[in-house]
Amino acid sequence: MTIEVIGIQFKGMGRIYYFNPLNIKFNQNDYVIVETVRGLELGKVIIPNKEIDENQFETEIKPIVRRAVQKDIDNEEKNRLDAIEAFNTFKTEVKKLKLPMKPLSAEYTLDRSKIVFFYTAEDRVDFRELLKNLTPYFKARLELRQIGSREAARLIGGIGICGREFCCRSHLKNFDTVTMKMAKDQSMSLNISKISGACGKLMCCIAYENELYQELHELIPSVGTFVKTPTCDYCKVITVDYIKQIIRVQEDPDELPKSYYASEVEIVEKR
């Protein structure tokens, strides 16, 4: 059995959440009002109406509240600007109390019934005194939310070592698993500082080409494998260029290594 849904994204980034459009037709980039755990929020339609097998969802799909109007969009912009001022107050109070936490951002819900302050910290923080100091400044319920380093990088944004905006900020919807084995399989440096992103975790882009490299590993002899070349029956692979599909082998200890395309050699003994 299928169910009609639309895919919604909040704040222009992050994962896509599915909602029941209540038989209302939406186009991409339309705006809707939905109820979330934070309260009423403005969401942007990324995926227009489509039918999906309801068995794909582990929980019930919530309905939208209504289609957004221009007043909602204007209120969202006002909330964004007010949240900047609220965040400055948050930072000031954290500094006064010398709390072991790093303030990141602040957000109002659309109806301004709640303001959420985001932060990172190494351990749990006792912020009861902080809440007591912040309460007089705001006519809304206050929530302090601790998030991980990856979510923090997505929230703040920035430029990666590639010179482009963080993937998690620009287009990455979910955080996939990234391992050192993936980096090793791609012949990358295993120096953590060189393959980690601003969040301190392994760069998400390492996972992008992992499937390709797995296929190439099946076709191309790895370092340490012994192969037969046009001029040597048993020589050892010393380097591999998986993209060009070229290997270098040491045929004679007294001579320079020779290069061959992987298709030109035959595996004799795997490492």
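These numbers come from a predicted model, not from an experiment.

S.K.: Honestly, the nonpolar core in this entry has me stumped. Any pointers?
M.R.: The tendency in soluble globular proteins is for nonpolar side chains to be buried side by side. Counting 17 residues, the largest nonpolar core has F90, M101, I115, F117, L130, F138 and L144 as its most contacted members. Of the residues forming this core, the biggest block, 5 residues, is contributed by helix α1 (residues 70-97). Contacts of I115, omitting those with residues within four sequence positions, involve A86, A106, E107, Y108, F138, A140, R141, L142 and E143. Residues V227, Y242, I247 and A262 belong to the second largest nonpolar core, which totals 14 residues.

S.K.: Would you take a moment to explain the sheet that holds strand β9 (residues 226-229) for this structure?
M.R.: In sheet architecture, strand pairing relies on hydrogen bonds along the backbone and comes in two forms, parallel and antiparallel. Pairing is antiparallel across the open sheet formed by 5 strands, whose spatial order is β12-β11-β10-β9-β13. The open sheet is flanked by β12 (258-261) and β13 (266-269), the only strands paired with a single partner. Going from strand to strand, the sheet's axes swing by 50° on average, the running direction of each strand aside. Pairing geometry for β9 and β13, over 3 bridges, is antiparallel. Of the residues in β13, the one forming a bridge with V227 is I267.

S.K.: Explain the packing of aromatic side chains here, please?
M.R.: The relative placement of two aromatic rings is captured by the distance of their centres and the angle of their planes. Inspection of the entire model under this criterion finds 9 aromatic pairs. Pairing F117 with F138 gives two aromatic rings, centres 5.7 Å apart and planes at 55°, and the pair type is tilted. Note that F117 is positioned in strand β7 (residues 114-120) and F138 in the loop between α2 (128-134) and β8 (141-146), a separation of 21 residues in sequence. You'll find F117 and F138 in the same group, each marked buried. Consider the rings of Y119 and F127, whose centres lie 6.2 Å apart with planes at 75°: the pair is edge-to-face. Classification of Y119 by relative accessible area gives buried; the value is 3%. Feature note: the residues F87, F90, F117, Y137 and F138 constitute an aromatic cluster, connected by ring pairs. In this structure, R112 packs its charged tip against the face of Y108, placed 4.3 Å from the ring centre.

Cut-off values and rules
Note that residues are indexed from 1 along each chain, following the sequence as it is written. Per-residue local features of the predicted model are confined to residues with pLDDT of at least 70, and side-chain atom pairs are confined, for both listing and counting, to 80 or more; whole-chain, interface and lining totals are unaffected and use all residues. Hydrogen atoms and water are omitted, and side-chain values are computed over all heavy atoms in the structure. By nonpolar core we mean a set of buried residues, namely Ala, Val, Leu, Ile, Met, Phe, Trp, Tyr and Cys, connected to one another through side-chain atoms within 4.5 Å. For each residue, the accessible area found with a 1.4 Å probe, counting protein chains only, is set against the maximum for its type, and the residue is called buried under 20%, exposed over 50%, and partly exposed in between. Segments assigned H or I by DSSP are reported as helices when at least four residues long, segments assigned E as strands when at least two residues long, and all are numbered from the N terminus. Contacts are assigned to residue pairs that have any heavy atoms within 4.5 Å of one another. Strand pairing is assigned whenever DSSP detects at least two bridges linking the two strands. Lines fitted to C-alpha atoms define the axes here, with helix axes fitted over just the stretch in contact, and angles between the N-to-C directions of these axes take values from 0 to 180 degrees. Here a pair means two rings of Phe, Tyr or Trp (six-membered ring of Trp) with centres within 6.5 Å. Their orientation is stacked below 30 degrees between planes, edge-to-face above 60, and tilted elsewhere. In this analysis the charged atom, NZ for Lys or CZ for Arg, is taken to sit over a ring once it is within 6 Å of the ring centre and within 35 degrees of the ring normal.

By themselves these figures say nothing about function.
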